[in-house]
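# Working through the structure, step by step
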Amino acid sequence: ISSGDGSSDSDGNNSGQRIDDLAASMLRIDVDHPEGGKNYSVPADNPFVGRAGARPEVWAYGLRNPWRISHDKESDQLWVGNNGQDLWEQTYLIRKGANYGWSLVEGTHIFQTSRQAGPDPISKPITEHPHSEARSLTGGRVYRGPTLPELKGAYVYGDWSTGRVWAVLHDGETLIWHKELVDTPFNITGFGTDHANELYVIDEVSGLHRLEPNDVSAVPSQPFPPKLSQTRLYRSV
């Protein structure tokens, strides 16, 4: 379960670096075996079980607004897109017991130095984007479909504000490559897969779309005219 920091600005509840509440965290519970008067139990191997002052449901913490999480069974990778606040958006490969820094940092950048740091060292994002190219990141899926073999195993994600879509390939230890795939006109709210593991991009207005290879030969080789007179858009006055 992903949970934001619960505030509208700058972690106003000071939850980001705390492990004694459920905000600004990734949580892990067992809904199949309720106990203790709750509708769930806490798995015994959760990282904060038995830790003084900690909520045992917490799996990782220090996230401002984790938007769309996905788990890839083949690689056992848990990915999330995280909405930043002032300047940066991030994707994280979530690890057990990790601290992702909010609101001391926004990604890899200092945000508020006066806050009390959490009890664990800060882990860095896998990718981060300045607000010049992304302003409301939407987490995606690891691609496992047959149509785009060059993306196999890559995490594909996008941005609600700019419509851009990126892919990143990470082996769990090292970032292998990261690139922009397409700049769309969409407000991307999510990603999904079908029974063949083909990927769908969800636009808030127009619905579902697929990624398809672009034939580079179809792109005009004529460069954009450097002079207005060469555009043939107007007649001399």
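Right above here is the structure, for reference.
Residues numbered from 1 in each chain as written. Predicted model: local features only at pLDDT ≥ 70, side-chain atom pairs only at ≥ 80, totals over all residues. Heavy atoms only, no water.

### With respect to the overall build of the chain
- Along the backbone of the chain there are zero helices and 16 strands.
- Taken over the C-alpha atoms alone, the chain extends approximately 80 × 45 × 35 Å along its principal axes.
- Out of the 237 residues belonging to the chain, those deemed buried represent 45%.
- Within the chain, residue pairs in contact and separated by at least 24 positions form 50% of the contacts whose partners lie at least 6 positions apart.
- About 13,200 Å² of surface is accessible on the chain, with carbon and sulfur atoms providing 50% of the total.
- When the 22 basic and 31 acidic side-chain charges of the chain are each reduced to a single mean position, those positions are 4 Å apart. (Helix = DSSP H or I, 4+ residues; strand = E, 2+ residues; numbered from the N terminus. Buried < 20%, exposed > 50% of the residue type's maximum accessible area, 1.4 Å probe, protein only. Contact = heavy atoms within 4.5 Å. Areas by Shrake-Rupley, 256 points an atom, 1.4 Å probe, with all protein chains shown as cover. Lys, Arg positive; Asp, Glu negative; His and termini not counted. Charge placed at Lys NZ, Arg CZ, Asp CG, Glu CD.)

### Re the side chain of Glu-198
- Position of Glu-198 relative to the elements: it lies in the loop between strand 14 (188-193) and strand 15 (199-203).
- With no salt bridge to any partner, buried Glu-198 finds its closest opposite charge in Arg-210, at an N-O distance of 6.5 Å.
- In this structure the side chain of Glu-198 is engaged in a polar contact, spanning 2.9 Å, whose partner is the side chain of Tyr-143.
- Setting aside anything within four residues of it in sequence, one finds Glu-198 in contact with Tyr-143, Gly-145, Pro-146, Thr-147, Gly-192 and Thr-193. (Salt bridge = Lys/Arg side-chain N within 4 Å of Asp/Glu carboxyl O. Polar contact = N/O pair within 3.5 Å; in protein donor to acceptor, adjacent residues only side chain to side chain.)

### With respect to the sheet that holds strand 3 (residues 58-61)
- Reading across from one edge, 1-2-3 is the order of the three strands in this open sheet, with antiparallel pairing throughout. Each of the sheet's edge strands pairs with one partner strand only, and the pair in question is strand 1 (2-3) and strand 3.
- Judged from the two bridges that link them, strand 1 and strand 2 (residues 25-27) form a sheet pairing that is antiparallel. In the strand pairing of strand 2, Ser-3 is matched with Ser-25. (Pairing = 2+ DSSP bridges.)

### Considerations on the packing of aromatic side chains
- Within the structure shown, the criterion is met by six aromatic pairs.
- Taken together, a centroid distance of 4.3 Å and an interplanar angle of 10° make the contact between Trp-79 and Tyr-155 stacked. Note that Trp-79 is positioned in strand 5 (residues 77-82) and Tyr-155 in strand 11 (residues 155-159), a separation of 76 residues in sequence.
- Judged by relative accessible area, Tyr-155 falls into the buried class, the value being 0%.
- Geometrically, the ring pair formed by Trp-102 and Phe-111 is tilted, given 4.6 Å between the ring centres and 40° between the ring planes. Neither residue differs from the other here; Trp-102 and Phe-111 are each classed as buried.
- Here the guanidinium or amino end of Lys-179 rests over the ring plane of Trp-177, the centre of that ring lying 4.8 Å away. (Phe/Tyr/Trp six-rings, centres within 6.5 Å; stacked < 30°, edge-to-face > 60°. Lys NZ or Arg CZ within 6 Å of the ring centre and 35° of its normal.)

### A short note on the nonpolar core
- Membership of the largest hydrophobic core comes to 14 residues, with the highest contact counts inside it found for Tyr-143, Val-156, Ile-188, Phe-191, Leu-199, Val-201 and Leu-211.
- Counting only elements with at least two residues in this core, the list comes to strand 12 (164-170), strand 14 and strand 15.
- Sort the elements by how many residues they give to this core and strand 12 lands first, with three residues.
- Excluding residues within four positions of it along the chain, Tyr-143 makes contact with Leu-148, Leu-151, Lys-152, Gly-153, Ala-154, Val-156, Asn-197, Glu-198 and Leu-199. (Core = buried A, V, L, I, M, F, W, Y, C linked by side-chain atoms within 4.5 Å.)

Don't take any of this as a statement about function, it's just geometry.
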